[in-house]
Amino acid sequence: MYELLRAALAEADKAGIATFVMRGRQYLTALRAADQVLVLQTLHWADEVRDPGRELPELPSGRAGRGKELDMALQLVDALSAEWKPARYHDTYQEKVRELVKAKAEGRDIALAEEAPEATNVVDLMDVLQHSLDQARSPGVALRKSARRSRPPTVPRRRASCGG
């Protein structure tokens, strides 16, 4: 049955729109054929979609992303690129919540998570890109990541996401 649906969507070059309920919440989705599988992508409901022109009256101009800035941004992307290994990614939020529950059950102290850094007023994009590129190339990046693992449990803060 699924293969028939996948083949029909692929042949028609169309996507299906569907809803489903998971964890007490209803999701709007697009069902697409990709390679030899069906892909389900969550979508935003109409009331969750905002007009960027209204929210950000001064959208970035088409000028951004040319010349040296683009070259440096491409170098940064290249420096941060790695082979895709899905097993390297996991739900760290849930892991931290479990760690907190365990720590509390054991009577250990629980530290509050650090506040997110405040936004800065970027004056020179080239300086910021160069700093990011230098950090990405630095061998200390792996050391900083491993140091984070040895800290006491903290109350996790959920980050806002932009995608579906």
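For every chain, the first residue of the written sequence is number 1, and numbering continues from 1 onward in sequence order. Where totals are concerned, whole chains, interfaces and linings use all residues; where local detail is concerned, this predicted model gives features only for residues with pLDDT of at least 70, and gives and counts side-chain atom pairs only at 80 or more. Each side-chain value is worked out from all heavy atoms of the structure, with water and hydrogens disregarded.

The protein chain goes by Ku protein in an unreviewed UniProt entry, where it is assigned to Streptomyces machairae.

Chemist: Looking at this model, I keep getting lost on the layout of surface pockets. Mind explaining?
Modeler: Any space left empty among the atoms is revealed by the rolling of a water-sized probe across them. Using a grid of 1 Å spacing that covers the protein atoms alone, one calls a set of points a cavity when a 1.4 Å probe fits there but cannot get out, and a pocket when the set is open and has protein on both sides within 12 Å along at least five of seven lines; lining residues are those with an atom within 4 Å of a point. Grid points are joined across faces, edges and corners, and a volume is the space filled by probe spheres set on the points. In this model, the second largest pocket occupies a volume close to 170 Å³. Residue classes follow a fixed rule: Ala, Val, Leu, Ile, Met, Phe, Trp, Tyr, Cys and Pro count as nonpolar, while Asp, Glu, Lys and Arg count as charged, and any other residue, Gly among them, counts as polar. Split into classes, the residues belonging to the lining of the second largest pocket amount to three nonpolar, one polar and three charged.

Chemist: Whenever I open this one, the packing of aromatic side chains confuses me. Can you help?
Modeler: The geometry of an aromatic ring pair comes down to the distance between the two centres and the angle between the two planes. Side-chain rings of Phe, Tyr and Trp (the six-membered ring for Trp) are treated as a pair once their centres are within 6.5 Å; stacked means planes under 30 degrees apart, edge-to-face means over 60, and tilted covers the remaining angles. Counted according to the given criterion, the structure contains two aromatic pairs. Taking the centre distance of 5.5 Å and the plane angle of 20° together, the rings of Phe-20 and Tyr-27 count as stacked. When accessible area is computed with a 1.4 Å probe and restricted to protein chains, residues below 20% of their type maximum are described as buried, those above 50% as exposed, and intermediate ones as partly exposed. Overall, the relative accessible area of 17% leaves Tyr-27 in the buried class.

Chemist: Sorry, what's going on with the nonpolar core here?
Modeler: Generally speaking, soluble globular proteins have nonpolar side chains that are buried together. In plain words, nonpolar cores are sets of buried Ala, Val, Leu, Ile, Met, Phe, Trp, Tyr and Cys residues tied together by side-chain atoms within 4.5 Å. Core analysis: the biggest nonpolar cluster contains five residues, these being Met-72, Leu-76, Leu-129, Leu-133 and Ala-136. At three residues, the largest contribution of residues to this core is made by helix 5 (residues 125-137). Excluding residues within four positions of it along the chain, Leu-129 makes contact with Glu-69, Met-72, Ala-73 and Leu-76. Helix numbering and strand numbering both begin at the N terminus, where a helix is a DSSP run of H or I of at least 4 residues and a strand a DSSP run of E of at least 2. Contacts were defined at the residue level, with two residues in contact if any of their heavy atoms lie within 4.5 Å.

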